[in-house]
Amino acid sequence: MSAILPLYPLENPMPKASADAPIGIFDSGIGGLSIAQEIANYLPNEHFVYYADTAHVPYGPRSDQNIRELTANAIEWLYRRGCKVAVVACNTASAFSLDYLREHYGENFPIIGLVPALKPAVLQSKSKVVAVLATPATFRGQLIKDVIQRFAEPSQVEVLNVTCLDLVPYVEDGLHNSPECKESLKRVLDPIVDKNADHLVLGCTHYPFLKSAIQSLYENQLTLVDSGSAVARQTARILLKNELISKTIAKDKTRLRCFVSGQNAKELEIVLKHLIQPEITWSIENIVDKLI
Ligand code: DGL
């Protein structure tokens, strides 16, 4: 790995967080809210601080180095805010950052990452053709290559890697059910259906918000698989191991506090009303104490 270590020597480490502290969740934008909600449903006594780097979304077309630096910055912000663990709820950021972050923070601040859920798709596929839809950067990273090598023996299953740069902006703009978005989906998914793929791995955390659009187009043809429930279980395991599971939560606590690095909290509030399930109390604000 090239020498980046952008940023912050751990000269003044934070005191070890208690079980009452929030879980930190990070994504380039609002896609990681698909993961936040899975974790919130699985762990009903937890509350969350969510960092959306809307000043720099999308990460997909960015360089490896730039993705690593932006991710390190966001995770440091969550750490300084007193979060007890951080979930990198972004396949693109995870692809370039997990090793560095884990080495940097050590046991004091556990880091949970994600990788496209290829394994269940391969196990369930009948046609033995599965497609992974992810950003170009995710496909450049080592994590996905390792997963393909481990779970997709080329003589047993064919894996089709597909990318589409339009999709993340549609989700960010609240246009995930628009005719334009469906057109983009058709452009990228028609060819994989023609090649007989029966499972589609949603390899970007923005894409679970496209499920209804995809299902309306390919109802009986594609089974959709994402990493949400696996990440929720992994988060629970890490919290248990570190004795950080919260036993109770105050009734009036806002469960999901969202912070955005761009100046667009007001506009996003309207989008989030359609993306966050009504049982989860939430708020959104612009970040004022940026580190860089
Ligand atoms: N949500 C992201 C992912 O899981 C990244 C999207 C982007 O910023 O390009 O890969």
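Cut-offs used in this document
Once a new chain begins, its residue numbering starts again from 1 and follows that chain's sequence as written. This being a predicted model, a pLDDT of at least 70 is required before a residue's local features are given, and a value of 80 or more before pairs of side-chain atoms are given or counted; all residues contribute to the totals for chains, interfaces and linings. In computing side-chain properties, one takes all heavy atoms of the structure into account and sets aside hydrogens as well as water. UniProt positions are given in the numbering used here, feature names are shortened, and annotations may be inferred rather than shown by experiment. A run of H or I in DSSP becomes a helix once it reaches four residues, and a run of E becomes a strand once it reaches two; helices and strands are each numbered from the N terminus. C-alpha atoms define the radius of gyration, and 2.2 Å times the number of residues to the power 0.38 defines the globule rule. Any pair of residues with heavy atoms lying within 4.5 Å of one another is described as a contacting pair. Computed by Shrake-Rupley with a 1.4 Å probe, the accessible areas treat only the displayed protein chains as cover when residues are assessed. Note on charges: Lys and Arg go in the positive column, Asp and Glu in the negative column, and His and the chain ends are not counted at all. All charge positions are set by atom: Lys at NZ, Arg at CZ, Asp at CG, Glu at CD. Among buried residues, those of type Ala, Val, Leu, Ile, Met, Phe, Trp, Tyr and Cys that are joined through side-chain atoms within 4.5 Å constitute a nonpolar core. Burial classes follow relative accessibility: with a 1.4 Å probe on protein chains only, a residue under 20% of its type's maximum area counts as buried, one over 50% as exposed, and anything between as partly exposed. In the cavity and pocket records, a cavity denotes points on a 1 Å grid over the protein atoms alone where a 1.4 Å probe fits but cannot get out, a pocket denotes an open set with protein on both sides within 12 Å along at least 5 of 7 lines, and lining residues are residues with an atom within 4 Å of a point. At least two bridges found by DSSP between two strands are what make those strands a pair. Every axis corresponds to a line fitted to the C-alpha atoms, with the helix fit spanning only the stretch in contact, and the corresponding angles, defined between N-to-C directions, vary from 0 to 180 degrees. Near residues are defined by distance, with any heavy atom within 4 Å of the molecule or strand qualifying the residue. Each polar contact in these results corresponds to two N or O atoms within 3.5 Å; when the atoms are within protein, one needs to be able to donate a hydrogen and the other to accept it, and residues that are neighboring in sequence are counted only if both atoms are side-chain atoms. For classification purposes, an angle smaller than 35 degrees is called roughly parallel, one larger than 145 roughly antiparallel, one from 65 to 115 roughly perpendicular, and anything else oblique. Crossing chirality is assigned from the near helix's rotation relative to the far helix, an anticlockwise turn below a right angle marking it left-handed and a clockwise turn marking it right-handed. Grid points are joined across faces, edges and corners, and a volume is the space filled by probe spheres set on the points. Here the nonpolar group is Ala, Val, Leu, Ile, Met, Phe, Trp, Tyr, Cys and Pro; Asp, Glu, Lys and Arg are the charged ones; every other residue, Gly included, is treated as polar.

By the naming in an unreviewed UniProt entry, the protein chain is Glutamate racemase, taken from Acinetobacter rongchengensis. What UniProt records for the protein chain under Catalytic activity (unreviewed entry) is the sentence "L-glutamate = D-glutamate". Per UniProt, the comment on the protein chain under Function (unreviewed entry) is "Provides the (R)-glutamate required for cell wall biosynthesis."

## Quick word on the overall build of the protein chain
Regarding its fold elements, the protein chain presents eleven helices and ten strands. Here the C-alpha atoms of the protein chain give a radius of gyration of 19 Å, agreeing with the 19 Å that 2.2 N^0.38 yields for 292 residues. Dimensions along the principal axes, computed over C-alpha positions, put the protein chain at roughly 55 × 40 × 35 Å. For the protein chain, the proportion of contacts with a sequence separation of at least 24, taken over those separated by at least 6, is 81%. When the accessible surface of the protein chain is summed, it comes to about 13300 Å², and 51% of that surface belongs to carbon and sulfur atoms. When the 29 basic and 32 acidic side-chain charges of the protein chain are each reduced to a single mean position, those positions are 4 Å apart.

## Here we look at the nonpolar core
Formed by 62 residues in total, the largest nonpolar core has its most connected members in L33, I39 and L200. Broken down by element, this core gets its largest block of residues, six residues, from helix 8 (residues 179-194). Apart from residues no more than four positions distant in its own chain, L200 is found in contact with A131, L133, L189, I192, I214, L222, T223, L224 and V225. Among the nonpolar cores identified, the runner-up in size contains 28 residues, and I67, L70, C83 and V88 belong to it.

## Points about the UniProt feature "active site" (unreviewed entry) in the protein chain
If you check UniProt for "active site" (unreviewed entry), the listed places come out as C90 and C204 in our numbering. Judged by maximum C-alpha separation, these annotated positions cover 115 residues in sequence but sit close together in space, the widest gap being only 6.5 Å. The subset of the named residues that lines the largest cavity consists of C90 and C204. Structurally, the position occupied by C90 is in the loop between strand 3 (85-88) and helix 3 (91-105).

## Concerning the sheet that holds strand 4 (residues 111-112)
The sheet built from six strands is open, its strands ordered 4-3-1-2-9-10 with parallel pairing. Of all the strands in the sheet, just strand 4 and strand 10 (282-286) have a single pairing partner and so form its edges. The strands that helix 1 (residues 33-42) touches are strand 1 (23-27), strand 2 (48-52), strand 3 and strand 9 (256-260); relative to strand 2, the one it contacts most, it runs at about 170 degrees. Against the sheet, helix 11 (residues 265-275) contacts strand 9 and strand 10, and its axis sits at roughly 155 degrees relative to strand 10.

## Points about the site of the ligand
Near the ligand you find 14 residues, and of these S28, Y59, G60, T92 and H206 are the closest. A distance of 2.8 Å is found between an oxygen atom of the ligand and a backbone nitrogen or oxygen belonging to G60. Measuring from a nitrogen atom of the ligand, one finds a side-chain N or O atom of H206 at 2.8 Å. Protein coverage of the free-state accessible area of the ligand, which is 300 Å², stands at 99%.

## So, the sheet that holds strand 8 (residues 223-225)
Across the sheet, which stays open at both edges, the four strands sit in the order 6-5-7-8 with parallel pairing between neighbours. Because the sheet does not close on itself, it has two edges, and the strands there are strand 6 (158-162) and strand 8. Across the sheet, the mean angle separating the axes of adjacent strands is 25 degrees when strand polarity is ignored. Pairing of strand 7 (residues 199-202) with strand 8, which is carried by three bridges, proceeds in the parallel orientation. Pairing of H199 across the sheet is with T223, part of strand 8.

## Description of the packing of helix 8 against helix 9 (residues 211-218)
Look at helix 8 against helix 9: their axes get within 11 Å of each other, and the N-to-C directions meet at 55 degrees. What the angle tells us is that helix 8 and helix 9 run oblique. In this structure, the crossing between helix 8 and helix 9 has a hand that is right-handed. For the pair formed by helix 8 and helix 9, the contact residues are K182, L185, K186, L189, D190 and V193 on the first element and A213, I214, S216, L217 and Y218 on the second.

## What to know about the environment of V288
Within the secondary structure, V288 is located in the segment after strand 10. Judged by relative accessible area, which is 80%, V288 ranks as exposed. Separated by 28 residues in sequence, V288 and V260 have C-alpha atoms that sit 9.3 Å apart.

## Structural notes on the layout of surface pockets
A volume near 620 Å³ is recorded for the largest pocket. In this structure, the largest pocket is lined by 27 residues; those nearest its centre are G113, L114, V115, A230 and V231. Among the elements of the structure, helix 3, strand 4, helix 4 (118-124), helix 6 (142-151) and helix 10 (228-241) are those that each provide at least two residues to the lining of the largest pocket. Looking at the lining of the largest pocket, the element that brings in the most residues is helix 10, giving seven residues. Split into classes, the residues belonging to the lining of the largest pocket amount to 16 nonpolar, four polar and seven charged. By volume, the second largest pocket is sized at about 290 Å³. Surrounding the second largest pocket, 21 residues form its lining, S34, P208, F209, K211 and D226 being those nearest its centre. Listed by contribution, the elements that provide at least two residues to the lining of the second largest pocket are helix 1 and helix 9.

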